[in-house]
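Results of the structural survey
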Amino acid sequence: EECVSGCVCPEGLYDDGQGGCVEKEDCPCIHNNQWYSSGQKIKVDCNTCTCQKGFWSCTEYVCYGTCTIYGSGHYITFDGKFYDFDGHCEYVATQDYCGDKNSSGSFSVITENVPCGTTGVTCSKAIKMFLGVSNDTQCIYISNYKESQRDVGDDIHYGNRTVGLYLVIEASNGLMLIWDKKTTVFIKLTPDYKGKVCGLCGNFDDKSNNDFTTRNGLQETSALKFGNSWKQSPTCSDVTQEIKPCDLKPHRKSWAEKECSIIQSEVFKICHSKVNPLPFFEACVHDACSCDSGGDCECFCSAVAAYAQECIKSEACVFWRTPDIC
């Protein structure tokens, strides 16, 4: 049986898809219209696939989707949409209570955004993680380096641990939350939730063009209208304009650009072709301009760490921290 179709090769040899003939052991594989030689490996989500005799052999790990909220209102949805939203309220980051008011679900993650600086930008300083169904829920409240629990139910269990700089909370329903105890939170979900969630983190359906779906199910083009629809309290005022801290604090702009240039420098060169550095550089400058109430370095470090994290996801490991930098 031939491993690929094409020209006729002598008996015992197979078409390699590129005009040549090879033995069965050397048959290539195809992925996204590209040919790969026998033994070559590719990354598909969190799994590694190896070409073997014309067929892909893949590991079978469960691949989490990740939503990132960091710095002064920066969001990267489960489907990779990057946007900014500076809301001063509590907002639904993600939940599986979607659709009509009586829809069932098992979790909700709420982010509390508060001002971080004098320019009006906001940061996520507290997270509420609700687990459970109906009235039998447990709320894990994370703020100020502490984690507390109340309203304990018994339908979903969770555990927490510290890994390096991060607090990790993992629930039995496939939800994981990773927090740096400052202004960065990673929300991870198993593939079981694809297309079943809603909120500021999008709907996790592998398409980024429909991530701005409001609470009412409408698709928006404006990040402001989309973000406002997910506020928890109707008494909070809507955000009406995008804040540009470097315009408000022009004396900080050159310093911010100088510090954040590390993202576009040789230090991250290995990552540039895999993850576009420009939106992360711009977000870093935005944060460095806005953090004018102390904590300048904290905002800068979180912004660079966010790019480093995306690089790691794309298998570009960068060692950027030094005794002088973060």
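See the structure shown above.
So, here is what we can say about the structure in this document. No experiment lies behind these values; they were computed from the predicted model shown.

Rules of the game
- Residues numbered from 1 in each chain as written.
- Predicted model: local features only at pLDDT ≥ 70, side-chain atom pairs only at ≥ 80, totals over all residues.
- Heavy atoms only, no water.
- Pairing = 2+ DSSP bridges.
- Helix = DSSP H or I, 4+ residues; strand = E, 2+ residues; numbered from the N terminus.
- Axes fitted to C-alpha atoms, helices over the stretch in contact; angles between N-to-C directions.
- Contact = heavy atoms within 4.5 Å.
- Buried < 20%, exposed > 50% of the residue type's maximum accessible area, 1.4 Å probe, protein only.
- Polar contact = N/O pair within 3.5 Å; in protein donor to acceptor, adjacent residues only side chain to side chain.
- Disulfide = S-S within 2.5 Å.

**A short note on the sheet that holds strand β10 (residues 82-84)**
- Here seven strands make up an open sheet; going across it, the order is β10-β9-β8-β19-β18-β17-β16 and the pairing antiparallel. With partners counted over all chains shown, the strands left at the sheet margins are β10 and β16 (158-163), one partner each. Ignoring strand direction, the axes of neighbouring strands in this sheet form an average angle of 15 degrees.
- As paired strands, strand β8 (residues 65-70) and strand β19 (residues 185-189) are joined by five bridges and run antiparallel to one another. Opposite Ile-69, over in β19, you have Val-185 as the bridge partner.
- Sitting on the sheet, helix α5 (residues 278-290) is in contact with β8, β9 (74-76) and β10, with an inclination near 155 degrees to β9.

**Considerations on the side chain of Gln-95**
- By the element assignment, Gln-95 lies in strand β11 (residues 90-95).
- The class for Gln-95 is buried, based on a relative accessible area of 11%.
- At 3.3 Å, the side chain of Gln-95 and the side chain of Ser-108 are in polar contact.
- For Gln-95, the contacting residues outside a window of four places in its chain are Phe-107, Ser-108, Lys-196, Val-197, Cys-198 and Trp-230.

**Section: the state of the cysteines**
- Scanning all chains against the criterion turns up ten disulfides.
- Disulfide partner of Cys-46: Cys-63, at an S-S distance of 2.3 Å. Around the S-S axis, the bridge from Cys-46 to Cys-63 shows a dihedral of about -90 degrees and counts as left-handed. Separated by 17 residues along the polypeptide, Cys-46 in the loop between β5 (41-44) and β6 (47-52) and Cys-63 in the loop between β7 (55-58) and β8 bring together distant segments of the chain.
- Looking at Cys-46, the relative accessible area reads 29%, which means it is partly exposed.
- Cys-63 sits in the buried class, given a relative accessible area of 13%.
- One disulfide bridge connects Cys-49 with Cys-58, the sulfur atoms lying 2.0 Å from each other. Judged by the sign of its S-S torsion, about 110 degrees, the bond between Cys-49 and Cys-58 is right-handed.

Everything listed is a geometric property; what it means functionally is a separate question.
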